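An overview of the molecular structure
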Amino acid sequence: MLSVIQIHTIVGTIIFLLYCITILGLVLVIIMENRNPLKTIPWVIVLLLFPGIGLLFYFFFGQDNRKQRVISRRTYKRIMKRPHGRNPHKDGQPVPAQYQSLATLLGSSNQFTLLYGSEITIYTNGEEKFKSLLEEIDKAEHHIHLQYYIFNDDETGEIFKEALIKKSRQGVEVRVLYDDVGCWNVKKSFFKEMKNAGIEIHPFLRVAFPVFSSKVNYRNHRKIVVIDGKVGFLGGMNIADRYAKGTSWGIWRDSHFKIKGKGVHGLQSAFLIDWYVITRQLMYDKIYYPQVPVFSDNIMQIVTTGPTGQWRTLLQATIYTIANAKKYIYIQTPYFLPTEGLNQALQTAALGGIDVRLMLPKYSDTKTVQLASHSFIDDMIKAGVKVYFYNPGFLHAKMLVTDDMLTSIGSANMDFRSFEHNFEINAFVYQRDFALDMKKIFLHDMHYCEKVVPSRWLRRPLKQRLIESCMRLFSPLL
């Protein structure tokens, strides 16, 4: 007869073996998913070296949703049909020849149509953007659609909450989406007050057990406002005090954009698709896509991307843009953790004689990401990329401009998280005047930067380089 100790030993051995089999099975599943090796290897390392924590982290953050659909093709086409409607300007200015393949790529992958004749207003600080947005909200007559990753319950958030409640009480349809993780610290009463005032408000992919694991790593990072289908906003700014008042260690330099005209219909479709995903309310009536005037010779495509679906459209379009640049590539991003394809595209462009400039914040709000980001700079400067650190505060702007003709603006950073995990939105703008305006802003910001000197940078202490390289191993997971 077995003793109690022997029984405990046998049971413990069985549990340990089952645990090991589970870990090894999970490693095989990850390998068989045929992901990018740069993402597969970190997960395998974490699971083998730290099986307990690794299993927990994979359960929460590592599952691959590429083959899932959050909306049916039929419903997607019905919502996207409106921006495809008759375009009074389609026989006007064509897409520049060197970008016709890019426009085709964006059009064929997810039906991102060409939208003609929009007017874009640029805001480079939160105070200007918030003032303009409040003015447009006050003028709303039919509907306000608002979606943000962060909607804080601070002074700025209270101002916008009261503005939305006021319009709701006037009979305007007000719909709000906020990201459940981005607003983790916001009191529930803040959103409940809006709901009680008649505002339709929902969190995007609510994070709660037992479905916590499948949602926490896939966040909606989009910033979209649509007012009456005629005016829209997108860019890098959320609704929070720091976007206007800065931080304790400096200003908050960001970029946001107001759009009037046909481009707003692209923003509207993006919002209504997300709205359907969360509420199952299908809205594609004409009243949400009113006739709008032609303001300019501007051509744009509103591009959304996320962790579901076969293609990483925004990443593909960014690499294509860089690979086909003829004169220069200017990039601003708060986080720089490039995929291997993007990494190679930037280095190849610089080695080919293209003027490649990369502007990053000198001080970041995320230390681990900054350390990993610095490890990529070595090869960049060796290839001839000019790297600049923005000094006055935190650079949160996201922008790519090239050859005085094409600009990419929106919510996406140059990192794995934006390209692989987050739901993002960018506008690709084919217009010389707008590109020159964004180029001018970049060159102005350069006056407040320190340029990375290769001879000094490459001689930084071994300990620092070692820490940065270790963090780089986990850059696909950050």
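Structure's up top.
Residues numbered from 1 in each chain as written. Predicted model: local features only at pLDDT ≥ 70, side-chain atom pairs only at ≥ 80, totals over all residues. Heavy atoms only, no water.

**A look at the overall build of the protein chain**
Check the secondary structure of the protein chain and you find 18 helices and 20 strands. Expressed as a percentage of the 478 residues in the protein chain, the buried residues total 56%. The long-range share in the protein chain, meaning contacts at least 24 apart out of those at least 6 apart in sequence, stands at 82%. When the accessible surface of the protein chain is split by element, carbon and sulfur atoms take 58% of a total near 21,500 Å². (Helix = DSSP H or I, 4+ residues; strand = E, 2+ residues; numbered from the N terminus. Buried < 20%, exposed > 50% of the residue type's maximum accessible area, 1.4 Å probe, protein only. Contact = heavy atoms within 4.5 Å. Areas by Shrake-Rupley, 256 points an atom, 1.4 Å probe, with all protein chains shown as cover.)

**A few points about empty space enclosed by the protein**
Once rolled over the atoms, a probe with the size of a water molecule shows which space is left empty. Taken as a whole and assessed by the stated rule, the structure comprises three cavities of 30 Å³ or more. There is about 110 Å³ of room inside the largest cavity. Lining the largest cavity are 13 residues, with Leu400, Ser408, Ala412, Met414 and Asn426 sitting closest to its centre. Where the lining of the largest cavity is concerned, the elements lending two or more residues are helix H11 (313-323) and strand S16 (399-402). (1 Å grid on protein atoms, 1.4 Å probe; cavity = no way out; pocket = protein on both sides within 12 Å on 5 of 7 lines; lining within 4 Å. Points joined across faces, edges and corners; volume = space filled by probe spheres on them.)

**Regarding the sheet that holds strand S2 (residues 119-123)**
Taken together, the seven strands give an open sheet; going across it, the order is S2-S9-S7-S6-S3-S4-S5, and neighbouring strands pair in mixed fashion. The two strands at the open ends of the sheet, each matched to only one other strand, are S2 and strand S5 (200-204). For this sheet, the mean angle separating the axes of adjacent strands, direction not counted, is 15°. Relative to S5, strand S4 (residues 173-179) runs parallel, the two sharing five bridges. Following the sheet pairing, Asp179 is matched in S5 by Phe204. (Pairing = 2+ DSSP bridges. Axes fitted to C-alpha atoms, helices over the stretch in contact; angles between N-to-C directions.)

**What about helix H12 (residues 340-351)?**
Residues three or four positions apart in an α-helix share a direction because the helix packs 3.6 residues into each turn. A rise of 1.5 Å per residue sets the reference length of H12, with its 12 residues, at 16 Å; its end C-alpha atoms lie 16 Å apart and thus fit the reference within 8%. Taken together, the buried positions of H12 are occupied by Leu342, Asn343, Ala345, Leu346, Gln347, Ala349 and Ala350. Once H12 finishes, Gly353 follows within two positions and takes phi at roughly 95°, a positive value. (Expected span 1.5 Å × (residues − 1).)

**Overview of the environment of Asp437**
Assignment of secondary structure puts Asp437 in helix H16 (residues 432-446). Spatially, the C-alpha atom of Asp437 lies 9.8 Å from that of Val401, the residues being 36 residues apart in sequence.

**A closer look at the packing of helix H7 (residues 155-169) against helix H8 (residues 188-196)**
At a minimum axis separation of 9 Å, H7 and H8 run at an interaxial angle of 15°. Classified by the angle between their axes, H7 and H8 sit roughly parallel to one another. Of the two possible hands of crossing, H7 and H8 adopt the one that is right-handed. Contacts from Gly157, Glu158, Lys161, Glu162, Leu164 and Ile165 of H7 reach H8 at Phe190, Glu193 and Met194. Its residues assigned to classes, the contact of H7 with H8 comprises four nonpolar, one polar and four charged. (Parallel < 35°, antiparallel > 145°, perpendicular 65-115°, else oblique. Left-handed = near helix turned anticlockwise from the far one by under 90°. Nonpolar A, V, L, I, M, F, W, Y, C, P; charged D, E, K, R; others polar.)

**Observations concerning the pairing of strand S7 (residues 231-235)**
Along any regular strand, the residues point their side chains to alternate faces of the sheet. Most of S7 sits out of view: five of its five residues are buried. Residues Val231, Phe233 and Gly235 of S7 are buried on one face, and the alternating residues Gly232 and Leu234, pointing to the opposite face, are buried as well. Across four bridges, strand S6 (residues 224-227) lies against S7 in antiparallel orientation. Along S7, the bridge assignment pairs Val226 with Gly232. Between S6 and S7, which pair antiparallel one after the other, the connecting turn spans three residues, and Asp228 there sits at a positive phi close to 60°.

**A short note on H7**
Over its 15 residues, H7 extends 21 Å from the first C-alpha to the last, a length consistent with the 21 Å expected when each residue adds 1.5 Å. Among the residues of H7, those classed as buried are Thr156, Gly157, Phe160, Lys161, Ala163, Leu164, Ile165, Lys167 and Ser168. One side-chain oxygen of the residue at the start of H7 lies 3.3 Å from the amide nitrogen of Thr156, identifying that residue as Asp154. Count one or two residues on from H7 and you reach Gly171, which has phi positive near 100°. (Polar contact = N/O pair within 3.5 Å; in protein donor to acceptor, adjacent residues only side chain to side chain.)

**Brief notes about the packing of aromatic side chains**
Any aromatic ring pair is given by two values, namely how distant the centres are and how the planes are angled relative to each other. What the rule picks out here adds up to 17 aromatic pairs. Seen in terms of ring centroids, Phe190 and Phe191 are 5.3 Å apart; in terms of plane orientation they differ by 75°. Their pairing is edge-to-face. For the pair formed by Phe190 and Phe191, the shared burial category is buried. Measuring from ring centre to ring centre gives 5.8 Å for Phe389 and Trp457, while their planes differ by 55°; the resulting arrangement is tilted. Of the two residues, Phe389 sits in strand S14 (residues 386-390) while Trp457 sits in helix H17 (residues 454-457), which places them 68 residues apart along the sequence. Of the two residues, Phe389 and Trp457, neither departs from the other in class, the shared state being buried. A network of ring pairs unites the aromatic residues Tyr243, Trp249, Trp252, Tyr335 and Phe394 as a single cluster. (Phe/Tyr/Trp six-rings, centres within 6.5 Å; stacked < 30°, edge-to-face > 60°.)

Honestly, that's just the spatial picture; any functional story needs more than this.
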